Amino acid sequence: DVQLQASGGGLVQAGGSLRLSCAASGFTFDDYAIGWFRQAPGKEREGVSCITGSDGSTYYADSVKGRFTISSDNGKNTVYLQMNSLKPEDTAVYYCAADPSGSSDDRVRLGGPLTDHDFGSWGQGTLVTVSS
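All values reported here derive from a predicted model rather than from experimental measurement. (Residues numbered from 1 in each chain as written. Predicted model: local features only at pLDDT ≥ 70, side-chain atom pairs only at ≥ 80, totals over all residues. Heavy atoms only, no water.)

Student: Mind showing me how you'd approach the overall build of the chain here?
Tutor: Tallying secondary structure elements over the chain gives 1 helix and 11 strands in all. When the helices and strands of the chain are listed from N to C terminus, the series reads β-β-β-β-β-β-β-β-β-α-β-β. Expected size for 132 residues packed as a compact globule is a radius of gyration near 14 Å; at 14 Å, the chain falls within 12% of this value. Across its three principal axes, the chain shows a C-alpha extent of roughly 40 × 30 × 25 Å. The buried share of the chain, reckoned over its 132 residues, is 46%. Restricting to contacts in the chain with at least 6 residues of sequence separation, those with at least 24 account for 61%. (Helix = DSSP H or I, 4+ residues; strand = E, 2+ residues; numbered from the N terminus. Rg over C-alpha atoms; globule rule 2.2 N^0.38 Å. Buried < 20%, exposed > 50% of the residue type's maximum accessible area, 1.4 Å probe, protein only. Contact = heavy atoms within 4.5 Å.)

Encoded structure:
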């Protein structure tokens, strides 16, 4: 049974940093792409970043490129999203999700964007609030 647990959200001032964690269980990391999505109130869900299990390729949305870094620790079955230089517009609930199909691997290699329909398993979300 695939399970994902996102954590690490909180309140931070603009310009600050947070590190989100996505602890996974029930599957082999090598076979999945893990993505981070976010949804702000009144807005559509946005694919922020992704890392492929097959070769560690990464993707970042233009809105976070240069500020966010995704990484994985396969020994701990955990994916991290280091978020630096946070802006008020980064305020959202952040979700991690897993895609076993390989579709996200192809999207990552083509430069995105991610689509949430490719991801069959989702964590519960963690709230990030950036104050100005």
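Student: Looking at this model, I keep getting lost on unusual backbone geometry. Mind explaining?
Tutor: Negative phi values dominate among residues other than glycine, just as trans dominates among peptide bonds. Of note, the bond from glycine 112 into proline 113 is cis; its omega dihedral lies within 30 degrees of zero at 0 degrees. Topologically, proline 113 is positioned in the loop between α1 (103-109) and β10 (121-122). In the Ramachandran plot, asparagine 77 falls in the positive-phi region, its phi being about 50 degrees despite a non-glycine side chain. Positionally, asparagine 77 belongs in the loop between β7 (68-73) and β8 (78-83). Phi angles above zero are rare outside glycine, and serine 85 is one such case at about 50 degrees.

Student: Quick question: what am I supposed to make of the sheet that holds β8 here?
Tutor: Strands belonging to one sheet form pairs held by backbone hydrogen bonds; the direction of such a pair is parallel or antiparallel. Strand order in the open sheet formed by 4 strands is β1-β3-β8-β7, and the pairing between neighbours is antiparallel. If you trace the sheet from one side to the other, it starts and ends with β1 (3-7) and β7, each paired once. Averaged over neighbouring strand pairs, the angle between their axes works out to 15 degrees when direction is ignored. Bridge count for strand β3 (residues 18-25) against β8 is 6 bridges, and the pairing is antiparallel. Bridge pairing links alanine 23 to threonine 78 in β8. (Pairing = 2+ DSSP bridges. Axes fitted to C-alpha atoms, helices over the stretch in contact; angles between N-to-C directions.)

Student: How should I be thinking about the pattern of salt bridges in this particular structure?
Tutor: Note on pairing: side chains with opposite charge can pair once their charged atoms come close. Taken as a whole, this structure holds 9 salt bridges when the rule is applied. Glutamate 46 is the salt-bridge partner of arginine 38, the closest N and O atoms lying 2.8 Å from each other. Taking the relative accessible area as the measure of exposure, glutamate 46 reaches 28% and is therefore partly exposed. Aspartate 90 serves as the salt-bridge partner of arginine 67, at 2.7 Å between the closest nitrogen and oxygen. Taken together, the positions of arginine 67 in the loop between β6 (58-60) and β7 and aspartate 90 in the loop between β8 and β9 (92-99) put the pair 23 residues apart, joining distant regions of the chain. Side by side, arginine 67 and aspartate 90 carry an identical accessibility label, which is buried. (Salt bridge = Lys/Arg side-chain N within 4 Å of Asp/Glu carboxyl O.)

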